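# Close look at the chain arrangement
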Amino acid sequence: MIVSNRSKDYKDLQKEQLSEKEKEQLLQEWKDYGRKSLAPATVNPPKSPLISKINGRTMEIQINQSNCTNKTVLNFATNDFLSMSSNEKVKQASRDALAKYGCGSCGPRGFYGTIDVHLQLEHAVAKFIGTDGAIMYSDGASTVSSTIAAFAKRGDLLIVDRGVSEPLTTGVTLSRANVKWFSHNDMDDLKRVLDDVQRTDKNLRREPSDQRRFIVAEGLYKNSGSIVKLNELVALKHKYKYRLILDESLSFGTLGKTGKGVLELFGKRHMYDAEIVTISLENAFGSIGGVTVGNEEVVDHQRLSGAGYCFSASSPPFTASAAIASLEQLQQCPELLQNLNRNIKYMHNALTSWTKNEHRVSVTSDERSPMIVLELNSGSAHEVAETCIHQGLALVAEMKPESLRLTMSASQTLGDIDKAVAILSDVVKKKCL
């Protein structure tokens, strides 16, 4: 015998009608909430000037987009530190590659997206730095995030500087590793964290080799303009037997005697003092994409484990050609780096002299940094930046904390710097009361 326990059929359900009061309540709820947008209402952001052309030390912008009138302003806003994006030899190399290969590469590197110029760039960068190899990604940010996630997995340990920029924090999150943070560029706090881990190992009777362990830092910090204290960091790395993942996206091409970055600045060695180094081609090299350098195992591992390498379309060949030309210019024209360092020193001295008796603003970045950060003690950074651009100076406003960022380049003149400081000081006096 089969016993069927049926739920109420349609006729039974018809008998359970809603009362008029219940209907009215449901209708009212639908009127109040049912027709609301699923997404929060968008707030129209302030209209930003439209950049129509960048000419190295200057840029042409449209402040009022309705009349399409261009205004030429000083460029202290882009990270084109060596002015490679406006270098004629770099532009010609891009045009030649575009004519030869076309625009796109039509696929990921591991399938049918590798072009000979991608391999040539990898070889050129590895040879210049002195590593076993290099691997090119199609995007600067994904270079960093993919590299971290390729080496650190669930169960591994990352010790990360709290001041790292968004691409690094994304990589840390994607890795799903255990994470411990230390105060920004504070080597005493880093030592405290490392000691805590060491004590935990002892209590759990765990060997340090039971998990992969990395320290994660930037050579030149994007958020603060500070330079990593590499001597102390490397000493701690070796003492506690950690590997170092170092992002040289902003320091490569700007720091060191020949522009090889913060490792060269402090006299440290690739593959030994820093096992994994990531580099963006979108700053000093004026191109698109990024590379990770290291020994043969570090490079080959990413060809199957780097998400940005395996699953993203490779960069257009002309961007690799542009990066190769930029690297050649860096090697053949040492005056580029000399001019950049001259301008950094001149600007830092000018700002220090101005802010010495100016309580409304202070310089918080490293004196060697090509990215100078001014923290406002009062006023709105956005209002200051907006007023500056109307007076002929383009810079970047940051909201947390309220600060201004000025980027230096090799093509700027001392007169440009004097004019920029004069405009900035005048605007700060008016807007930061």
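Right above here is the structure, for reference.
Report on the accompanying structure. (Residues numbered from 1 in each chain as written. Predicted model: local features only at pLDDT ≥ 70, side-chain atom pairs only at ≥ 80, totals over all residues. Heavy atoms only, no water.)

## Notes on the pairing of strand β5 (residues 157–161)
Applied cut-off: Exposed residues in this analysis have more than 50% of their type's maximum accessible area, buried residues have under 20%, and partly exposed residues fall in between, with area computed by a 1.4 Å probe over protein chains only. Helix numbering and strand numbering both begin at the N terminus, where a helix is a DSSP run of H or I of at least 4 residues and a strand a DSSP run of E of at least 2. At least two bridges found by DSSP between two strands is the condition for calling them paired.
Most of β5 is tucked away: five of the five residues are buried. Burial along β5 is two-sided: the residues Leu-157, Ile-159 and Asp-161 and Leu-158 and Val-160 are all buried. As paired elements, β5 and strand β6 (residues 178–182) share five bridges and run parallel to each other. Residue Ile-159 lies in a different strand from β6, and its bridge partner there is Lys-180. Here β5 pairs with strand β7 (residues 213–218) via four bridges, running parallel. The residue of β7 that forms the bridge with Leu-158 is Phe-214.

## Some remarks on the sheet that holds strand β12 (residues 371–376)
To keep it simple, the criterion reads: An axis is simply a line fitted to the C-alpha atoms; with a helix, the fit covers only the stretch in contact. Between two such axes, the angle follows the N-to-C directions and lies from 0 to 180 degrees.
Spatial strand order, β11-β12-β15-β14: four strands in an open sheet with antiparallel pairing. The strands lining the two open edges of the sheet, one partner per strand, are β11 (361–363) and β14 (396–398). The sheet shows a mean angle of 25 degrees between the axes of neighbouring strands, taken without regard to direction.

## Looking at unusual backbone geometry
A positive phi angle, close to 55 degrees, is found at Asn-185, a residue other than glycine. One can find Asn-185 in the loop between β6 and α8 (187–204). Assessed through its relative accessible area of 8%, Asn-185 is described here as buried. With a phi angle near 65 degrees, Lys-241 is a residue other than glycine that sits in the positive phi range. Among the residues examined, Lys-241 registers a relative accessible area of 71% and is labelled exposed.

## Examining the sheet that holds strand β1 (residues 50–55)
The four strands are arranged β1-β2-β3-β13 in an open sheet whose pairing can be described as mixed. In the strand order of this sheet, the two ends are held by β1 and β13 (393–394), each with one partner. Here two bridges tie strand β3 (residues 70–75) to β13, and the two strands are oriented parallel to one another. Note that in β13 the partner of Leu-74 across the bridge is Leu-393.

## Digging into the side chain of Ser-314
To be explicit about the condition: We call two N or O atoms a polar contact when they sit within 3.5 Å, provided that within protein one can donate a hydrogen and the other can accept it, with sequence-adjacent residues counted only if both atoms are side-chain atoms. The contact criterion used throughout is that any non-hydrogen atoms of two residues lie within 4.5 Å.
Secondary-structure assignment places Ser-314 in the loop between α12 (307–310) and α13 (317–332). A polar side-chain atom of Ser-314 sits 2.5 Å from a polar atom in the side chain of Ser-105. When neighbours within four sequence positions are excluded, Ser-314 is seen to be in contact with Ser-105, Gly-107, Pro-108, Arg-109, Gly-113, His-118 and Ser-138.

## Some words on the packing of aromatic side chains
Cut-off, in case you're wondering: Centres within 6.5 Å make a pair out of two Phe, Tyr or Trp rings, where for Trp the six-membered ring is used; the pair is then stacked when the planes are under 30 degrees apart, edge-to-face when over 60, and tilted otherwise. Whether a charge lies above a ring is judged from NZ of Lys or CZ of Arg, which has to be within 6 Å of the ring centre and within 35 degrees of the ring normal.
Taken as a whole and judged by the stated rule, the model has three aromatic pairs. Measuring from ring centre to ring centre gives 6.2 Å for Tyr-137 and Tyr-309, while their planes differ by 75 degrees; the resulting arrangement is edge-to-face. One end of the pair, Tyr-137, is in strand β4 (residues 133–137); the other, Tyr-309, is in helix α12, and 172 residues separate them in sequence. An identical accessibility class is assigned to Tyr-137 and Tyr-309; each is buried. Ring centres of Phe-252 and Phe-285 lie 5.4 Å apart, and the angle between their planes is 55 degrees; on these two criteria the pair is classed as tilted. Placement of Phe-252 in the loop between β8 (243–247) and α10 (262–265) and of Phe-285 in the loop between β9 (276–280) and β10 (290–294) is noted, with a sequence separation of 33 residues between them. Residue Phe-252 is classed as buried on the basis of its relative accessible area, which comes to 3%. By relative accessible area, which is 1% here, Phe-285 ends up buried. Ring-pair connections join several aromatic residues into one group, and the members of that group are Phe-128, Phe-252 and Phe-285. The residue whose ring lies beneath Lys-260 is Phe-128, and the NZ or CZ to ring-centre distance is 5.2 Å.

## Concerning the nonpolar core
As a reminder, the rule being used: Here the nonpolar core consists of buried residues drawn from Ala, Val, Leu, Ile, Met, Phe, Trp, Tyr and Cys, with membership extended through side-chain atoms lying within 4.5 Å.
Counting residues in hydrophobic clusters, the biggest one holds 104 residues, and the most contacted among them are Ile-159, Met-347 and Leu-424. Setting aside its immediate chain neighbours within four residues, Met-347 contacts Phe-76, Ile-372, Leu-406, Met-408, Ile-417, Ala-420 and Val-421. Core analysis: the second largest hydrophobic core is formed by seven residues, Met-59, Ile-61, Val-73 and Ala-77 among them.

## Observations concerning the environment of Leu-281
Along the chain, Leu-281 turns up in the loop between β9 and β10. Residue Leu-281 is classed as buried on the basis of its relative accessible area, which comes to 1%. For Leu-281 and Ser-326, which are 45 residues apart along the polypeptide, the C-alpha to C-alpha distance reads 9.4 Å. Excluding residues that lie within four positions of it along the chain, Leu-281 makes contacts with Leu-121, Met-136, Gly-286, Ser-287, Ile-288, Gly-289, Gly-290, Val-291 and Ala-323.

## Quick notes on the pattern of salt bridges
Pairing between side chains of opposite charge can happen when the charged atoms of each approach one another. Here is the rule: Note on definitions: salt bridges are taken to be side-chain nitrogens of Lys or Arg within 4 Å of carboxyl oxygens of Asp or Glu.
This model, assessed by the stated rule, comprises 18 salt bridges. Put simply, Lys-23 and Glu-20 hold a salt bridge, and the shortest N to O gap is 3.8 Å. Of this pair, Lys-23 and Glu-20 are both found in helix α2 (residues 20–34), three residues apart, which corresponds to roughly one turn of the helix. Accessibility expressed as a relative area gives 55% for Glu-20, which makes it exposed. Among the ionic pairs, Arg-360 bridges to Glu-358, the shortest N-O distance being 2.6 Å. Through salt bridges that share partners, Asp-189, Arg-192, Asp-196 and Arg-199 make up one connected network.

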